[in-house]
Amino acid sequence: MLIKIRNSWDLSDNDVTSEAHYKSRRELLKTAGIVGLGTAINLLSPSFSFAQTLKNQLANEYDGRDLTDQQTQLKAILGYNNFYEFGTEKEDPSRNAHSLKPEPWTVSVDGQCENPGTYSVEDLIDFNKLEQRIYRMRCVEAWSMVIPWVGVSLSEVINKLKPKSNAKYIYFETLVDPEQMPGQHRSVIKWPYREGLRMDEAMHPLTLMAVGLYDQKLANQNGAPLRLVVPWKYGFKGVKSIVKISFVEQKPNTSWMRLAPHEYGFYANVNPNVAHPRWSQANERRIGDFGRRDTLMFNGYGEQVAHLYDGMNLKRNF
Ligand SMILES: Nc1nc2c(c(=O)[nH]1)N[C@H]1C(S)=C(S)[C@@H](COP(=O)(O)O)O[C@H]1N2
Ligand SMILES: [Mo]
């Protein structure tokens, strides 16, 4: 599914796919036998080539399980957040994030790449190639959502920056500015929020650099103006409001690894068989549901990503 969104985010009625219309569009896809996440099926813009490429890459690997997943209501996605820069309660980000100014915004790029420098969001993201991908997001705290993100594959951004062959990892940082992010007056974590991926994980077509969700640009509390989404990993890998990207040779020391290395590892792949030291990870509460449901290995994306971890001990590399 694809939404073509103009740079201005100034949507006409024809472009807008409102929340209310989603269910029926999803039903339409189902009837058409089009399955899977990232089914970048081009309903709105027939000349969109990346969407077709992605579909060609992934079509045979999807089993359609996700079609039974209801999308989480916009209200919940906007109101139940983790973004410690605005406080540690789930309601804090929506209450406090109005002080963030996501425009204008720059991202500095350094390390092992041919095109280091300072970029605007528009330099990094090709807004003509935006697509929508409906991904499960599973927080390590054992709740989950299904979010229709809008963005581009992170690989598209990386290709512009031309990493060198010795770049083994990509590293990200969130903005540090206590004026805009009042939660940073407290040292809940050592700011900035830091995250990273192995290069092959970063280049995987499911890894998304998101700039919107549903038919809106990202709300501040969801990580405006750009944030990472890695659907087979716990939600904390999805670093928000990114201001720095580095290509590095060594495995980066991420925020949660620094804070509690026995509890949070670098890989953070969703794995129902590996418990968090203080609680099981075997099931989850989907926001909006009553009961709990089993958590799926790699959050249900195993067919697409399990090969990245061939031969690795996933208990040790948690
Ligand atoms: N900068 C920053 N990014 C962050 C966090 C944070 O506290 N700060 N929380 C993470 C966690 S734990 C989760 S579950 C997701 C939540 O994303 P959402 O609030 O948009 O649903 O953001 C992740 N990205
Ligand atoms: Mo999380």
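Because the structure is a prediction, the values reported are computed rather than measured. Residue positions are counted from 1 within each chain, in the order its sequence is given. Here chains are named by letter from A upward and ligands by number from 1 upward, in the order in which they appear as written. The predicted nature of this model means local features are confined to residues of pLDDT at least 70 and side-chain atom pairs, given and counted, to a pLDDT of 80 or more, with totals for whole chains, interfaces and linings taken over all residues. With hydrogens and water excluded, all non-hydrogen atoms of the structure serve as input to the side-chain values.

J.: Would you mind going over the site of ligand 1 in detail, with residue names and values included?
T.: Being near a molecule or strand, for a residue, means having at least one of its heavy atoms within 4 Å of it. The local shell around ligand 1 holds 16 residues, among which Asn81, Tyr84, Glu85, Gly238 and Lys240 are the closest. Distance and chemistry together define a polar contact, namely a pair of N or O atoms within 3.5 Å, with one atom able to donate a hydrogen and the other to accept it when in protein, and with adjacent residues in sequence counting only for side-chain atoms on both sides. The contact in question runs from a nitrogen atom of ligand 1 to an N or O atom on the side chain of Glu85, over 2.8 Å. At 3.0 Å, a side-chain N or O of Arg227 approaches an oxygen atom of ligand 1. Relative to its free-state accessible area of 540 Å², ligand 1 is covered by the protein chains to the extent of 98%. Here the Shrake-Rupley method, with its probe set to 1.4 Å, supplies the accessible areas, and only the displayed protein chains count as covering residues.

J.: Kindly report on the confidence of the model for the chain, identifying the contributing residues and their values.
T.: Think of pLDDT as the predictor's per-residue confidence, scored from 0 to 100. Averaged over all residues, the pLDDT of the chain equals 84, while 79% of them reach at least 70. Scored below 50 in pLDDT, residues 1–54 shows 105 contacts in the model against residues more than four places distant or in partner chains. Two residues form a contact once any of their heavy atoms are found within 4.5 Å. Scored below 50 in pLDDT, residues 57–65 shows 17 contacts in the model against residues more than four places distant or in partner chains.

J.: Could you give an account of the pairing of strand β11 (residues 283–286), naming the residues involved and the relevant values?
T.: One face of the sheet, then the other: side chains in a regular strand alternate in exactly this way. Between buried and exposed lies partly exposed: a residue is buried under 20% and exposed over 50% of the maximum accessible area for its type, with that area taken using a 1.4 Å probe on protein chains only. Each helix is a run of DSSP H or I of at least 4 residues and each strand a run of E of at least 2, with the numbering of both proceeding from the N terminus. Burial of β11 is one-sided: the residues Glu284 and Arg286 facing one way are buried, the residues Asn283 and Arg285 facing the other way are not. Here, a strand pair is defined by DSSP locating no fewer than two bridges between the strands. In the sheet, strand β4 (residues 143–153) pairs with β11 via two bridges, with the strands oriented parallel. For Trp143, the partnering residue across the bridge sits in β11 and is Arg285. Taking the residues between adjacent antiparallel strands as the criterion, β11 and strand β12 (residues 293–294) are bridged by six residues, where Gly288 takes a positive phi near 105°.

J.: So, the sheet that holds strand β5 (residues 169–174): which residues are in play, and what are the values?
T.: The sheet built from five strands is open, its strands ordered β2-β1-β10-β5-β6 with mixed pairing. Sheet topology places β2 (117–120) and β6 (194–198) at the edges, where each strand pairs with a single neighbour. The sheet shows a mean angle of 20° between the axes of neighbouring strands, taken without regard to direction. Judged from the five bridges that link them, β5 and β6 form a sheet pairing that is antiparallel. The residue of β6 that forms the bridge with Tyr171 is Gly196. Only C-alpha atoms enter the line fits that serve as axes; for helices the fit covers just the stretch in contact. Angles between N-to-C directions range over 0 to 180 degrees.

J.: If you had to explain the pattern of salt bridges to someone new, which residues and values would you point to?
T.: Salt bridges, as used here, are contacts in which a Lys or Arg side-chain nitrogen is within 4 Å of a carboxyl oxygen on Asp or Glu. Inspection of every chain in the model, using the stated rule, returns 15 salt bridges. With a closest N to O distance of 2.8 Å, Arg198 and Asp200 form a salt bridge. Taking the relative accessible area as the measure of exposure, Arg198 reaches 14% and is therefore buried. The salt bridge partner of Glu284 is Arg286, with a shortest N-O separation of 3.4 Å. Per residue, the accessibility class of Glu284 equals that of Arg286, and both read buried.

J.: How would you explain the nonpolar core if you had to name every residue and give the values?
T.: Formed by 78 residues in total, the largest nonpolar core has its most connected members in Ile125, Trp149, Met209 and Phe247. In terms of residue count, the dominant contributor to this core is β4 (six residues). Among buried residues, the Ala, Val, Leu, Ile, Met, Phe, Trp, Tyr and Cys ones that are joined through side-chain atoms within 4.5 Å form a nonpolar core.

J.: Give a description of the packing of aromatic side chains that names residues and reports values.
T.: Aromatic rings from Phe, Tyr and Trp, with only the six-membered ring used for Trp, were paired whenever their centres fell within 6.5 Å, and each pair was classed as stacked if the ring planes differed by under 30 degrees, edge-to-face if by over 60, and tilted otherwise. For the coordinates displayed, the defined rule picks out 11 aromatic pairs. Ring geometry for Phe298 and Tyr309: centres 5.6 Å apart, planes at 15°, overall stacked. Taken together, the positions of Phe298 in the loop between β12 and α9 (302–305) and Tyr309 in the segment after α9 put the pair 11 residues apart, joining distant regions of the chain. For Tyr309, a relative accessible area of 3% corresponds to the buried category. Among the aromatic residues, those joined into a ring-pair cluster are Tyr169, Phe266, Tyr267, Phe298 and Tyr309. Counted as over-ring charges are cases with an Arg CZ or a Lys NZ within 6 Å of the ring centre that also lie within 35 degrees of the ring normal. Above the plane of the ring of Tyr80 lies Lys90, whose end atom (NZ or CZ) is 6.0 Å from the centre. The ring of Tyr301 has Arg136 lying over it, and the distance from NZ or CZ to the ring centre is 5.4 Å.

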